[in-house]
Amino acid sequence: MDGVALIVIGVALLALSWMCWTGRWRAWSKIAMLPALPIAIGPFLGACLLLCGIGTLTGAEALYAPALLLGATGLVLGLWSPGWYGPRWFRERSTEYDL
């Protein structure tokens, strides 16, 4: 995949995660099967793709290791879904889901 495409997808994921984290878009928290995914995996995967894209374009292969570490951290947080993680509105939300 081209480095520019990785950067664009990474920035889009970071923007979407920012909307979810700040509460500008809250509807996903009631319909998601794993509700922490947009605020856990989204920012970390976005940063991972952004670093990989920058590393691909510039030839700085040293950015791949922190990128993979960020991706793994987001995956662990997304699957673990600890009660202390996330913004206040997310932790205090109703856990009734709209199936």
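Cut-off values and rules
- Residues numbered from 1 in each chain as written.
- Predicted model: local features only at pLDDT ≥ 70, side-chain atom pairs only at ≥ 80, totals over all residues.
- Heavy atoms only, no water.
- Helix = DSSP H or I, 4+ residues; strand = E, 2+ residues; numbered from the N terminus.
- Buried < 20%, exposed > 50% of the residue type's maximum accessible area, 1.4 Å probe, protein only.
- Phe/Tyr/Trp six-rings, centres within 6.5 Å; stacked < 30°, edge-to-face > 60°.
- Axes fitted to C-alpha atoms, helices over the stretch in contact; angles between N-to-C directions.
- Parallel < 35°, antiparallel > 145°, perpendicular 65-115°, else oblique.
- Left-handed = near helix turned anticlockwise from the far one by under 90°.
- Nonpolar A, V, L, I, M, F, W, Y, C, P; charged D, E, K, R; others polar.
- Expected span 1.5 Å × (residues − 1).
- Arc of directions from axis to C-beta.

The next point concerns the environment of V11. Mapped onto the fold, V11 is located in helix α1 (residues 3-22). The class of V11 is partly exposed, set by a relative accessible area of 44%. Expressed as a C-alpha distance, the spacing of V11 and F90, which sit 79 residues apart in the sequence, is 23 Å.

A word on the packing of aromatic side chains. This model, assessed by the stated rule, comprises four aromatic pairs. Residues W21 and Y85 carry aromatic rings whose centres are separated by 5.4 Å and whose planes lie at 70 degrees to one another, so their mutual orientation is edge-to-face. With W21 in helix α1 and Y85 in the loop between α4 (64-80) and α5 (88-91), this pair connects stretches of sequence that are 64 residues apart. A relative accessible area of 13% places Y85 in the buried class.

As a packed pair, α1 and helix α3 (residues 37-58) sit with axes 7 Å apart at the nearest point and diverge in direction by 155 degrees. As judged from the angle between their axes, α1 and α3 are roughly antiparallel. In this structure, the crossing between α1 and α3 has a hand that is left-handed. Residue classes in the contact of α1 with α3 are distributed as 19 nonpolar, seven polar and no charged.

The end-to-end C-alpha separation of α4 is 24 Å, in line with the 24 Å expected for 17 residues at 1.5 Å each. For α4, the set of buried residues is A67, G74, L77 and G78. Taken end-on, α4 shows its buried residues confined to a sector of 100 degrees, consistent with a single buried face. Counted as exposed and oriented over 90 degrees from the buried face of α4: A65, L68, L69, V76, L79 and W80. S81 sits one or two residues past α4 and shows a positive phi near 50 degrees.

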